[in-house]
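Spelled out, the chains give:
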Amino acid sequence: MRLLLPDTTLPMAVPVLVDGLKDEVALRERARNIALTNAGGIAHSVEVLAELGLVQSASAQVKVHRGSSLFKLYILNRSGSLLRLLSAT
């Protein structure tokens, strides 16, 4: 499994404060904590599948990129996909 997450050490394009259009450092840190927690849970689940012998082999890889998260894209077995747009509401 591969996860591509936004780099939360850099200022984010969205969401931003209305005043001055700057990102909020506290929000970025919260987003980082949530992303690390979720990525860790996913990696652990993948490892458990292999340990239980439910899959032949399994690995999880996490990479970061400069952009902000605007959507989640799930690719299943290299053939099917599901796109989920993220919203503020």
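Above this note sits the structure.
Our subject in this report is the structure included herewith.

Conventions adopted
Residues numbered from 1 in each chain as written. Predicted model: local features only at pLDDT ≥ 70, side-chain atom pairs only at ≥ 80, totals over all residues. Heavy atoms only, no water. Pairing = 2+ DSSP bridges. Helix = DSSP H or I, 4+ residues; strand = E, 2+ residues; numbered from the N terminus. Right-handed = clockwise from strand over helix to strand, strands pointing away. Buried < 20%, exposed > 50% of the residue type's maximum accessible area, 1.4 Å probe, protein only. Contact = heavy atoms within 4.5 Å. Patch = residues over 30% accessible without salt bridge, like charges linked within 9 Å, V, L, I, M, F, W, Y side chains within 5 Å. Areas by Shrake-Rupley, 256 points an atom, 1.4 Å probe, with all protein chains shown as cover. Salt bridge = Lys/Arg side-chain N within 4 Å of Asp/Glu carboxyl O. Expected span 1.5 Å × (residues − 1).

1. A look at the pairing of strand β2 (residues 61-65)
Next, step 1: In this sheet, β2 lies alongside strand β1 (residues 2-6) in parallel orientation, the contact comprising 5 bridges. Within β2, the position partnered with Leu3 by the bridge is Val62.
Next, step 2: Between the parallel pair β1 and β2, the chain is carried across by helix α1 (residues 25-51), and the sense of this crossover is right-handed.

2. Quick look at the side chain of Thr8
Next, step 1: Mapped onto the secondary structure, Thr8 falls in the loop between β1 and α1.
Next, step 2: With relative accessibility at 11%, the residue Thr8 sits in the buried group.
Next, step 3: Sequence-distant contacts of Thr8, defined by excluding residues within four places in its chain, comprise Arg28, Ala31 and Arg32.

3. Describing the environment of Leu73
Next, step 1: Its location among the elements puts Leu73 in strand β3 (residues 71-76).
Next, step 2: For the pair formed by Leu73 and Pro11, sequence separation is 62 residues and the distance between their alpha carbons is 22 Å.
Next, step 3: Contacts of Leu73, omitting those with residues within four sequence positions, involve Ser81, Leu82 and Leu83.

4. Here we look at a nonpolar patch on the surface
Next, step 1: On the surface, Val14, Leu70, Phe71, Leu73, Ile75, Leu83 and Leu85 cluster together into a nonpolar patch covering about 720 Å² of accessible area.
Next, step 2: Mapped onto the nonpolar patch, the elements with two or more residues apiece are β3 and β4 (80-85).
Next, step 3: Inspection of the secondary structure assignment puts Phe71 in strand β3.
Next, step 4: Among the residues examined, Phe71 registers a relative accessible area of 46% and is labelled partly exposed.

5. A short note on the pattern of salt bridges
Next, step 1: For the structure on display, the rule yields 1 salt bridge.
Next, step 2: For Arg28, the salt bridge goes to Asp23, with nearest N and O atoms at 2.6 Å. Each member of the pair, Arg28 together with Asp23, is buried.

6. Description of α1
Next, step 1: With 27 residues, α1 ought to run about 39 Å at 1.5 Å a step, and its terminal C-alpha atoms sit 39 Å apart, in line with that.
Next, step 2: A positive phi of about 75 degrees marks Gly53, the residue just after α1.

7. What about the pairing of β3?
Next, step 1: Pairing of β3 with β4, which is carried by 6 bridges, proceeds in the antiparallel orientation. Across the sheet, the residue bridging to Leu76 is Gly80, located in β4.
Next, step 2: Between the end of β3 and the start of β4, which pair antiparallel, lie 3 residues, with Asn77 showing a positive phi angle near 50 degrees.

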